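An overview of the molecular structure
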Amino acid sequence: MYFSVFQRVCSLSFCQQLSVIWFVLWSQWGTDGAVVHLYVSPSGSDSNTGCAVFFFCPQAIFVELMQGYYDLTSTLTFAHAINGTAVFRAFQGQEVHLTGGRHILSDHFKHVTDTKIQQRLPEVARTKVLELDLTAVGIANLGSLTTYGIRRSTWTAPLELFINGKPLRLAQWPNEKFTNILSVPDGEKGRRFTYNAGGRDVAWTQETEPWVYGWWYWSWADESLPVAHVDAHNHTITLAQDSLYGVRVGHYNPIVPGPYSQQGGYFQVINMLSELDEPGEYYIDRTSKKLYLWPNTPLQTLTSSDIVYVSILSRCIRIESVAQKLNFEDFTVENCRQHGVSIESGHDITFKNMEIKNTGSYAINCEGDCRRVSVLASEIHDTCGGVLIKGGDPKTLTSSEVLLQDNHVWDFSRTAAIPCNAFEIGGVHVTVSHNYIHHGQYTGILWSGNDHVIEYNHVHHMCWNSSDCGAIHSTKDWTWRGNIIRKNHIHHTLRYFPGVEVRGIMLDDEYSSVLIEGNVFYDNEVHANIGGGRDNIIRQNVMYNATKFSIQVDGRGLEPRGHGVYLTKHLQTSFFNTTLWKSRYPELAAILQNHPSAPEGNQIYDNIFYNPPGIKSIQYVGSNLDRKDYFDVHNNFRAYSPGDFWSPKDADFRLRCNAVQWADEEQFPSPVSVEDVGPQVPTGPNYLRARRHPASARTTAVPVACDSSTVAPATTAPRGSYMPDGSSPNTLYPNIPKEGCWFVVDHCPKAPAAEGTHKDDIGTQAGTEEGCLARAAQQWRYCGSSPTGQNVNLVCGVRLTRMFLMKGAMTVAGDGCFIAQYGCQTQNPGFHRDTFAEQHDNASHNEAACLARAAPQWAYCGSHADRPITSIYRPTGNFRTGGAGCWIKILSCPADHTLQGYFYDAWGATNLATDHDRDECLDRADRFWKQCGSHDNAPVTAFYRPSGASRTVP
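Owing to the predicted nature of the structure, the values given are computational and were not obtained by experimental measurement.

A closer look at the pattern of salt bridges
The final tally for this structure, using the stated rule, is 51 salt bridges. Between glutamate 517 and arginine 539 there is a salt bridge whose closest N-O contact spans 2.9 Å. Of this pair, glutamate 517 sits in strand S45 (residues 514–517) while arginine 539 sits in strand S48 (residues 537–539), and the two are 22 residues apart along the sequence.

Re the sheet that holds strand S7 (residues 101–104)
Pairing is antiparallel in the open sheet, where four strands are placed in the order S7-S22-S10-S11. Unpaired on one side and paired on the other, S7 and strand S11 (166–167) mark the two borders of the sheet. Relative to strand S22 (residues 308–311), strand S10 (residues 161–163) is paired through three bridges, and the arrangement is antiparallel. In the sheet register, isoleucine 163 faces S22, and the bridge partner there is valine 308.

A look at the layout of surface pockets
Empty space within the largest pocket amounts to approximately 1300 Å³. Forming the walls of the largest pocket are 38 residues, and the residues nearest its centre are Trp220, His473, Thr475, Asp508 and Asp509. In terms of residue count, strand S44 (residues 502–508) provides more of the lining of the largest pocket than any other element does, three residues in total. Residue composition of the lining of the largest pocket, grouped by class: 15 nonpolar, ten polar and 13 charged. Approximately 960 Å³ is the volume found for the second largest pocket. Arg169, Gln172, Arg414, Thr415 and Gln441 are the residues nearest the centre of the second largest pocket, which is lined by 33 residues in total.

Observations concerning the UniProt feature "domain: Right handed beta helix" (unreviewed entry) in the protein
With numbering aligned to this structure, UniProt lists the feature "domain: Right handed beta helix" (unreviewed entry) at residues 317–460. For residues 317–460, the helix share is 0%, the strand share is 51%, and the end-to-end C-alpha distance is 30 Å.

What about the sheet that holds strand S20 (residues 281–285)?
To summarise the sheet geometry, strands pair through backbone hydrogen bonds and adopt either a parallel or an antiparallel arrangement. Spatial ordering of the open sheet is given by S8-S9-S21-S20-S12, a layout of five strands whose pairing is mixed. Pairing within the sheet leaves two strands with one partner each, and these edge strands are strand S8 (110–111) and strand S12 (169–170). Inspection of the sheet shows S12 paired to S20 by two bridges, in the parallel sense. Each residue of the ladder has a partner; that of leucine 170, found in S20, is tyrosine 282.

Examining the nonpolar core
Core analysis: the largest hydrophobic core is formed by 127 residues, its most contacted members being Ile317, Ile319, Leu326, Phe328, Phe351 and Leu404. Ranked by size, the runner-up nonpolar core spans 19 residues in total, among them Tyr522, Tyr610, Val672 and Val677.

Focus on the state of the cysteines
Here, disulfide denotes a covalent bond that connects the sulfur atoms of two cysteines. As enumerated under the stated definition, the model contains ten disulfides in all. The partner cysteine of cysteine 316 in its disulfide is cysteine 336, sulfur to sulfur 2.0 Å. An S-S torsion of about -100° defines the bridge between cysteine 316 and cysteine 336 as left-handed. Of the two residues, cysteine 316 is situated in the loop between S22 and strand S23 (317–319) and cysteine 336 in strand S25 (residues 332–336); the sequence distance between them amounts to 20 residues. Given a relative accessible area of 0%, cysteine 316 falls into the buried group. Residue classification places cysteine 336 among the buried residues on the basis of a relative accessible area of 0%.

Notes on helix H7 (residues 657–666)
For H7, the complete set of buried residues consists of Cys657, Asn658, Ala659, Trp662, Ala663 and Glu666. Tucked inside the fold, the buried residues of H7 contact strand S52 (608–610), strand S55 (637–638), strand S57 (652–655) and helix H15 (918–931). Of the residues one or two after H7, glutamine 667 is the one with positive phi, at around 55°.

Notes on the pairing of strand S68 (residues 940–944)
Summarising burial for S68: four of the five residues are buried, a large majority. With five bridges connecting them, strand S66 (residues 886–890) and S68 associate as antiparallel partners. Counted as the bridge partner of lysine 889 is threonine 941 from S68. Here S68 runs beside strand S69 (residues 949–953); their pairing, made up of five bridges, is antiparallel.

Brief notes about helix H10 (residues 775–782)
Of the residues making up H10, those classed as buried are Arg775, Ala776, Ala777, Gln779 and Trp780. At the C-terminal side of H10, glycine 784 shows a positive phi close to 120°.

Remarks on unusual backbone geometry
Here the amide bond leading from tryptophan 173 into proline 174 is cis, since omega sits at -5°, within 30 degrees of zero. With respect to the element layout, proline 174 can be found in the loop between strand S13 (172–173) and strand S14 (179–180). The omega torsion across valine 953 and proline 954 is 0°, close enough to zero to call that bond cis. In this structure, lysine 289 is a non-glycine residue whose phi angle is positive, near 55°. Within the fold, lysine 289 resides in the loop between S20 and strand S21 (290–294). For lysine 289, a relative accessible area of 28% gives the class partly exposed. Of note in the backbone geometry, alanine 913 takes a positive phi value of approximately 60° without being a glycine. Position of alanine 913 among the secondary structure elements: in the loop between helix H14 (906–912) and H15.

What counts as what
- Residue indices begin from 1 for each chain and proceed along its sequence in written order.
- The predicted origin of the model limits local features to residues at a pLDDT of at least 70 and limits the giving and counting of side-chain atom pairs to 80 or more, whereas totals for whole chains, interfaces and linings rest on all residues.
- Each side-chain value is derived from all of the structure's non-hydrogen atoms; neither hydrogens nor water enter the calculation.
- Salt bridge, as applied in this entry: a Lys or Arg side-chain nitrogen positioned within 4 Å of an Asp or Glu carboxyl oxygen.
- Secondary structure follows DSSP: runs of H or I at least 4 residues long count as helices, runs of E at least 2 residues long count as strands, and numbering of each begins at the N terminus.
- A pair of strands is considered paired only if DSSP assigns at least 2 bridges between the two.
- For cavity detection a 1 Å grid was placed over the protein atoms alone, and a set of points counts as a cavity when a 1.4 Å probe fits there but cannot get out; an open set counts as a pocket when protein lies on both sides within 12 Å along at least five of seven lines, with lining residues being those that have an atom within 4 Å of a point.
- Grid points are joined across faces, edges and corners, and a volume is the space filled by probe spheres set on the points.
- Side-chain classes are defined by residue name, with Ala, Val, Leu, Ile, Met, Phe, Trp, Tyr, Cys and Pro counting as nonpolar, Asp, Glu, Lys and Arg as charged, and the others, Gly among them, as polar.
- UniProt positions are given in the numbering used here, feature names are shortened, and annotations may be inferred rather than shown by experiment.
- Working definition of a nonpolar core: buried Ala, Val, Leu, Ile, Met, Phe, Trp, Tyr and Cys residues. They are joined through side-chain atoms within 4.5 Å.
- Three exposure classes are used, based on accessible area relative to the maximum for each residue type with a 1.4 Å probe and protein chains only: buried under 20%, partly exposed in between, and exposed over 50%.
- By disulfide we mean two sulfur atoms from cysteines, separated by a distance within 2.5 Å.
- When checking whether two residues touch, look at their non-hydrogen atoms; a contact exists if any pair is within 4.5 Å.

In structure tokens, the structure reads:
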């Protein structure tokens, strides 16, 4: 049924028109009916009368904004529920700006004539700087400078200045980068510090409201602070308040970023008239209420065509929780001191093809329980944060249904760094998809909560002003589970400041349980890390050209610096013991039954790595972490050269050559292409529709022919074990036949006839080396298990088979823990009781403690390649060797009979750095097993002797 409509276009001011419209929208008149269009113009007048009258409540109302600038005099607030949907949009794609600022005509700006002000200005600026009398143009609310930076995510800026849509900055020194703190006279918790400003600080003493901004103690914690006093004679600044973490001496070097121990201690001075020395800077004298600026225009002055705004309102748009079903489309929101849009528990709200810029904090801030809020195809830039949004019900794991998709977010940390993320998401199931995010001082996507999906995003040039940072980042929680990061391109997250590494994906401070799969990483310092957490999976990713490590893992929860107390307390306040959570996250339900601070359950497999020589695929930070129950690293592929990818310089990582052969065997999915990440539709309002991000397209270039050549393997190998284990000839018993299983028994009280050298028929009939060597402990027990004076040496020899000779592997049975070595410091070659291990580690009765001694003892003795050390737990005859190199043991290779025996992997050492990369070495077991035909009854074992680690496949 259709109803008649009476509609009259109003000719009111913008605020009056929207007030009338909003009254119409929420008034409960009549019966729901047709779609209505209302037209709003910035040329309306307060003196006009006029209204829009409806005799029904429409199903949808389109508020059509006519071309122009709408300068709000108060926050546009939506505080009532409505029937149907209201859509606010630019009429027919016209250029529309909704501003929280005041437009200042260029003829209000004058050259500086006050000689005192001119003398305070740098000489280079005296003929360039213009001044504006803010009182004369009716501006009294200047706001005030307050501290911004870490832990201040909703900062409200003071009055700021924008010319032709671009922000200017407060005058500062240095104009680029930072200067170091030289000393802290009152200690790191004091407020005084010294510096070297080259004498320019004499002018600072005349400043009325000086501030400083810096990274005072950590290179992941920025903070602006007011200055109490400048002592130009002693080159000392005294802060007016304490820094959050203290102040330390700086070691900032813009050429070479320093290590962890050199982070923090560098700063800038800001809000100083005496430092207004280049285009794009300004200063406000709050006493005289005058603004001074050097225009950032091509002519470095202002003309009538230049559009100048100052920000006035804190928030441009405010949406209260009762206001729902609102759509905003196709216009610009700008010049707001805090948020462009502030929402309290918003439901069914959509922003599409918007531009939001020049805000003091997040462009869109949706606090509380936000449901079905979408930000689509929008341009967000020159803010301090893009979108901060949380929603859903953690107790029931009900989805927020929030969607952030196809957006272009860039230069989103123009003032502070740490609190200003492109997207900060929380709650349950926020989808972040197909966004283009670039150039941020700190993190691009920060997440908390559960079941989020971060996919098909293009993220680059993050963390460029900090360290210990991730382009995609979460931290310090065991309960935020079910999250997925997949099919993104993440690149050029590189560190330029002192401190620890920056990463493409950062799992900080024991964060646990995320799935990272199918991403393409390239040209990052570290592609991804696991910071001591649990149950994280990293699989099926391309990891190309890390500058430090591909993946970095640690066990910080095992150390005193761990966060176990905090994490356990947070766990107990969560819903982890509910039936729903136990079903959804079974590993979390059992976390307290194990060692919760141990990095258990992490898996890293089916990834493709390429790095230049010397760059490890996986770096273990800490000791005793190369355990399968901590980090199950297997079946990864290391590409030999960039030629294994189609065209890395064009971000085209389709696989080819050696890599595609491996991928086919493993059913590795085709890497996501650069054309499939980032926005898939035009972004921003219609008038800006020329896409600002580059149109990504797969290269059509034909790559060069595959280069399967590798470097010839080394001709020298590390020395085999002193106690022969088959990796070298048996020089201890050279005369024993190289066939069968043999005993050498020193003393046998129960059966003296067994003493001497005898062939062991039972061991020979076993037909395997393992079966033969196991007989040593059995024979020792048969002889009486005497604790002294009794050794049973067992040598396993086999006949020559197809060009291969098992080289007399042996073991020793008896009591206690022994070491076999070529010599160490004052000890001579031979077999020696490991007295230290027996006394301190109970190694005479603990096999694991005994065998764990081999690698550290080899390191203690100097890590000489020609002096490996073998630990032997004689009650079982089991042994382990610590030494140099990666060694492969193949008992049978049906597909390639030349690959048998126990040998040093010289090819892997030369081409894959297996001598120094544990995981590369252990992965060789997979490769050789597959090369041998993948037979379950023909296992292959890789031994990484520097740590004593080994892996047998299958």
